[in-house]
Amino acid sequence: MYKEIIINNIDEMNVFAKKVGKTLFPGYLLCLEGDLGAGKTTLTKFLGASMGITDMINSPTFTIMKIYEGEIDLNHMDVYRLNGIGMDYDLEEYVYGDGVCVIEWYKHIIESLPEEKLIIEIEIIDEFKRLLKIEGSGKYEEIVEKISN
Ligand SMILES: Nc1ncnc2c1ncn2[C@@H]1O[C@H](COP(=O)(O)OP(=O)(O)OP(=O)(O)O)[C@@H](O)[C@H]1O
Ligand SMILES: [Mg+2]
């Protein structure tokens, strides 16, 4: 399943994140792609808030992963620095674990990721406007439908 939607401003990104938040389950895998400043971390912050996580979520670029404990844990990864290095074994445990896993720059470790995942590519249209390209297979097919309506 593949859908595209336009997000006109940051408030609409928040609304979108809340929709995604309603579809979460343990083991959920959300893969994000998009240029620097596209909004990957911003989307993750809004998603964390929708999960009831009150800790400040910021970019984990220099730590690769941060874990936020909640009713379901949020494992937030930024694997930008793993390009060409491959997957860290410790990370795999979280990708296949029972938290919600959000991966910024997932293409850098794509060989190590399961087939079934939700992919959101964020394209910058202008300062506030974004094009979201949303793709999902298997159990994520109907989720693509839900979050793009
Ligand atoms: N519609 C929007 N959705 C998301 N962010 C937006 C939007 N409009 C403006 N922004 C701004 O764009 C910036 C996005 O930065 P963010 O850190 O989320 O990007 P990123 O994709 O995680 O970048 P990086 O690759 O460096 O990790 C923020 O300053 C945010 O306020
Ligand atoms: Mg980021």
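Refer to the structure presented above.
Described in the following lines is the structure provided in the data block. Since we're looking at a predicted model, the values are computed, not measured. (Residues numbered from 1 in each chain as written. Chains lettered and ligands numbered in written order. Predicted model: local features only at pLDDT ≥ 70, side-chain atom pairs only at ≥ 80, totals over all residues.)

Quick notes on helix H2 (residues 40-50)
Stated formally: Counting other C-beta atoms within 10 Å of its own, a residue is labelled buried from 20 upward, exposed at 12 or fewer, and partly exposed in the gap between, with every C-beta atom placed from the backbone. Here a helix means four or more residues in a row that DSSP labels H or I, a strand means two or more in a row labelled E, and each is numbered from the N terminus. Here, residues touch in the contact sense if the C-beta positions derived from the backbone fall within 7 Å of one another.
Of all the residues in H2, the buried ones are Lys 40, Leu 43, Thr 44, Lys 45, Phe 46, Leu 47 and Gly 48. Looking at the buried side of H2, the elements it contacts are helix H1 (10-21), strand S2 (29-34), strand S3 (65-68), strand S4 (74-78), strand S5 (100-104) and strand S6 (118-124).

Focus on the environment of Met 51
The topology assignment puts Met 51 in the loop between H2 and S3. As for Met 51 and Leu 30, which are separated by 21 residues in sequence, their C-alpha atoms are 14 Å apart. With residues near it in sequence (within four places) discarded, Met 51 still touches Gly 21, Leu 24, Gly 70, Ile 72 and Leu 74.

Some words on the sheet that holds S6
Quick reminder of the rule: Here, strands pair whenever DSSP counts at least two bridges between them. For helices, the fitted line uses only the C-alpha atoms of the stretch in contact; every axis is such a line through C-alpha atoms, and the angle between N-to-C directions lies from 0 to 180 degrees.
Strand order in this open sheet of seven strands is S1-S7-S6-S2-S5-S4-S3, and the pairing throughout is mixed. Both outer strands of the open sheet, strand S1 (2-7) and S3, are each paired with one neighbouring strand and no more. Neighbour to neighbour, the strand axes of the sheet diverge by 20° on average, direction disregarded. As paired strands, S3 and S4 are joined by four bridges and run antiparallel to one another. Paired with Tyr 68 across the bridge in S4 is Leu 74. On the sheet, H2 packs against S2, S3, S4, S5 and S6 and is oriented at approximately 165° with respect to S5.

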